Amino acid sequence: AQSVTQLGSHVSVSEGALVLLRCNYSSSVPPYLFWYVQYPNQGLQLLLKYTSAATLVKGINGFEAEFKKSETSFHLTKPSAHMSDAAEYFCAVSPNAGGTSYGKLTFGQGTILTVHP
Amino acid sequence: DAGVIQSPRHEVTEMGQEVTLRCKPISGHNSLFWYRQTMMRGLELLIYFNNNVPIDDSGMPEDRFSAKMPNASFSTLKIQPSEPRDSAVYFCASSFGRSAQPQHFGDGTRLSIL
């Protein structure tokens, strides 16, 4: 069974600084991977997804993530944080193997990003 | 394009009352997921459907919880009787039901049981 681990439940950065949110997956076969963002009082919104087409994936709002099979990682980065990036971020995994998943995702525990002026 | 629509957005009711949460998935999506989110337990998958059929309800916490999907455009999550510990934000999400496809979330129902 697939699982994801997000290292750090809280990350704090200054405005303009690099954002790095960590996600490691556990799977016997490289899975499909997703990053979601949740702003206060809203649902989860898709930031980007990895579906084996390219290892560096660009998403919305200037975020990108790189799939590294050797490290079983899919870390989310943004070169320069903005105050509006303050939110909770979730990494999620879906199987990429035989069988039917029906689109079920396994989510990490989430990382709350705080951006200081 | 209309996203996943949930109603009501907020619900406050007294313990013991029946609560019904509603969800309209994105047209064309054939998988639907119900989640619960709390500070203590994070995001929990309660149940999911594919082509209107429940696939896995192992996340439903108790028999007080039930969910139905009578057709492709509507689902309900019911709690009867409700208890204060059911207070949470409940999300509905839908997708095309394949591994590479993302889920699309509604804005949630914030439920408070007094």
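Each remark here, short or long, concerns the structure printed above.
Residues numbered from 1 in each chain as written. Chains lettered and ligands numbered in written order. Predicted model: local features only at pLDDT ≥ 70, side-chain atom pairs only at ≥ 80, totals over all residues. Heavy atoms only, no water.

Participant: Mind showing me how you'd approach the interface of chain B and chain A here?
Facilitator: For interface size, the figure often reported is the accessible area lost on association. Across the boundary between the two partners, chain B contributes 25 residues, which contact 22 residues of chain A. Taken together, the two surfaces of chain B and chain A that pack against each other cover about 1,800 Å², and 55% of this comes from carbon and sulfur. For the pair chain B and chain A, the interface holds zero salt bridges. For the side of chain B that touches chain A, the secondary-structure elements that each account for two or more residues are β4 (31–38), β5 (42–50), β6 (53–56) and β9 (88–95) of chain B. (Contact = heavy atoms within 4.5 Å. Buried area = accessible area lost by both parts, 1.4 Å probe. Salt bridge = Lys/Arg side-chain N within 4 Å of Asp/Glu carboxyl O. Helix = DSSP H or I, 4+ residues; strand = E, 2+ residues; numbered from the N terminus.)

Participant: Would you take a moment to explain the state of the cysteines for this structure?
Facilitator: A disulfide bridge is the covalent bond that connects two cysteines by way of their sulfur atoms. What the rule picks out here adds up to two disulfides over all chains. With a sulfur-sulfur separation of 2.0 Å, Cys23 of chain A is cross-linked through a disulfide to Cys91 of chain A. Every disulfide takes its handedness from the sign of the S-S torsion; for Cys23 of chain A and Cys91 of chain A that torsion is -65°, giving left-handed. In this pair, Cys23 of chain A sits in strand β3 (residues 19–26) while Cys91 of chain A sits in strand β9 (residues 87–94), placing the two residues 68 residues apart along the sequence. On the basis of relative accessibility, which here comes to 0%, the residue Cys23 of chain A falls in the buried class. Residue Cys91 of chain A is classed as buried on the basis of its relative accessible area of 0%. Here Cys23 of chain B pairs with Cys92 of chain B through a disulfide, and the sulfurs are 1.9 Å apart. Linking Cys23 of chain B and Cys92 of chain B, the disulfide has an S-S dihedral of approximately -65° and is accordingly described as left-handed. Here the residue Cys23 of chain B occupies a position in strand β3 (residues 19–24), and Cys92 of chain B occupies one in strand β9, the gap between them amounting to 69 residues. With a relative accessible area of 0%, Cys92 of chain B lands in the buried category. (Disulfide = S-S within 2.5 Å. Buried < 20%, exposed > 50% of the residue type's maximum accessible area, 1.4 Å probe, protein only.)

Participant: Please explain the environment of Lys49 of chain A as it appears in this structure.
Facilitator: Along the chain, Lys49 of chain A falls in strand β5 (residues 44–50). In this structure the C-alpha to C-alpha distance between Lys49 of chain A and Phe34 of chain A, which are 15 residues apart in sequence, comes to 4.3 Å. The contact partners of Lys49 of chain A, leaving out residues within four places of it in the chain, are Leu33, Phe34 and Val57 of chain A together with Ala100, Gln101 and Pro102 of chain B.

Participant: Would you mind showing me how to read the sheet that holds β3 of chain B here?
Facilitator: Working definition: the strands of a sheet are paired by backbone hydrogen bonds and lie parallel or antiparallel to each other. Residue and element names in this part refer to chain B. In space, the four strands of this open sheet follow the order β1-β3-β8-β7, with antiparallel pairing throughout. For this open sheet the edge positions go to β1 (5–7) and β7 (65–71), each flanked by a neighbour on one side alone. For this sheet, the mean inter-axis angle between neighbouring strands, taken without regard to orientation, is 15°. Note that β7 and strand β8 (residues 74–79) share five bridges and pair antiparallel. (Pairing = 2+ DSSP bridges. Axes fitted to C-alpha atoms, helices over the stretch in contact; angles between N-to-C directions.)

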